[in-house]
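One-letter residues, chain by chain:
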Amino acid sequence: MHGRKRATRAAVTEEEELKQKAKFAKLRALNKVALDCYKAKDYSKASFDLTSKLLSVNPDAQTLWNFRRLILKNKISELDDALNKTGKRKQTKSI
């Protein structure tokens with residue numbers, strides 16, 4: 001940082017650079033699919049699995065965490081509705 005000399009970057013071979021570019025292209029494509037699912041409000045298991053995969057690679061993606069939260073809230077709501085319809089659950093107060 002201040003007053004320190006920059007460390008030289010390790011020489012990256014062309015093959016490693018191509019592998020890295022391919023990896024980033026794949027991640028960008030998966031991220032685009034996840035964002036398209038988010039916009040379409042697709043709260044399926046496939047969307048949940050996709051967010052899991054992407055967040056394991058990049059846990060700083062806040063939009064994906066929000067999408068994952070929406071998926072879980074939707075599934076909880078569906079289960080709650082199903083239980084209420086079958087009469088197996090008594091009505092409780094929401095907090």
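Enquirer: Give a description of the overall build of the protein that names residues and reports values.
Expert: For the protein, the helix and strand inventory stands at three helices and zero strands. In sequence order, the secondary structure elements of the protein are arranged as α-α-α. Burial statistics for the protein: of 95 residues in total, 14% are counted as buried. Nonlocal contacts in the protein, meaning residues at least 24 apart in sequence, comprise 48% of its contacts between residues at least 6 apart. Carbon and sulfur atoms make up 56% of the accessible area of the protein, which amounts to about 8600 Å² in all.

Enquirer: Explain the side chain of Ser-47 to me, and be specific about the residues and the numbers.
Expert: Looking at where Ser-47 falls in the secondary structure, it is placed in helix 2 (residues 45-57). Here Ser-47 falls in the buried class, since its relative accessible area comes to 2%. Excluding anything up to four places from it in sequence, Ser-47 contacts Cys-37, Asp-42, Phe-67 and Ile-71.

Enquirer: Break down unusual backbone geometry for me, citing the residues and quoting the values.
Expert: Here Lys-41, not a glycine, exhibits a phi torsion of approximately 55 degrees, which is positive. Its location among the elements puts Lys-41 in the loop between helix 1 (14-39) and helix 2.

Enquirer: Which residues make up the packing of helix 1 against helix 2, and what values do they have?
Expert: Between helix 1 and helix 2, the shortest axis-to-axis distance is 10 Å and the interhelical angle comes to 140 degrees. Our classification of the angle between helix 1 and helix 2 gives oblique. Helix-helix and strand crossings are classified by hand; for helix 1 and helix 2 the assignment is left-handed. Here Leu-27, Leu-30, Asn-31, Val-33, Ala-34 and Cys-37 of helix 1 come into contact with helix 2, specifically with Ser-47, Leu-50, Lys-53, Leu-54 and Val-57.

Enquirer: Before we move on, could you go through the nonpolar core and cite the residues and values that matter?
Expert: By size, the foremost hydrophobic cluster in this structure holds six residues: Ala-34, Leu-50, Leu-54, Leu-55, Ala-61 and Leu-64. The element best represented in this core is helix 2, accounting for three residues. Setting aside chain neighbours within four positions, we find Leu-54 in contact with Leu-27, Leu-30, Asn-31, Ala-34 and Leu-64.

Enquirer: Quick rundown of the packing of aromatic side chains? Include the residues and the values.
Expert: In the structure shown here, the tally under the stated rule is two aromatic pairs. Between Tyr-38 and Phe-67, the ring centres sit 5.4 Å apart and the planes meet at 75 degrees, which makes this aromatic pair edge-to-face. With a gap of 29 residues between them, Tyr-38 in helix 1 and Phe-67 in helix 3 (residues 62-86) connect regions that are remote in the sequence. Here the aromatic rings of Tyr-43 and Phe-67 are separated by 6.3 Å at their centres, their planes lie at 45 degrees, and the arrangement is tilted. One end of the pair, Tyr-43, is in the loop between helix 1 and helix 2; the other, Phe-67, is in helix 3, and 24 residues separate them in sequence. For the pair shown, Tyr-43 and Phe-67 are each scored as buried. Taken together, the ring pairs in this structure connect Tyr-38, Tyr-43 and Phe-67 into an aromatic cluster.

Here is what the cut-offs are and how they apply
Residues numbered from 1 in each chain as written. Predicted model: local features only at pLDDT ≥ 70, side-chain atom pairs only at ≥ 80, totals over all residues. Heavy atoms only, no water. Helix = DSSP H or I, 4+ residues; strand = E, 2+ residues; numbered from the N terminus. Buried < 20%, exposed > 50% of the residue type's maximum accessible area, 1.4 Å probe, protein only. Contact = heavy atoms within 4.5 Å. Areas by Shrake-Rupley, 256 points an atom, 1.4 Å probe, with all protein chains shown as cover. Axes fitted to C-alpha atoms, helices over the stretch in contact; angles between N-to-C directions. Parallel < 35°, antiparallel > 145°, perpendicular 65-115°, else oblique. Left-handed = near helix turned anticlockwise from the far one by under 90°. Core = buried A, V, L, I, M, F, W, Y, C linked by side-chain atoms within 4.5 Å. Phe/Tyr/Trp six-rings, centres within 6.5 Å; stacked < 30°, edge-to-face > 60°.

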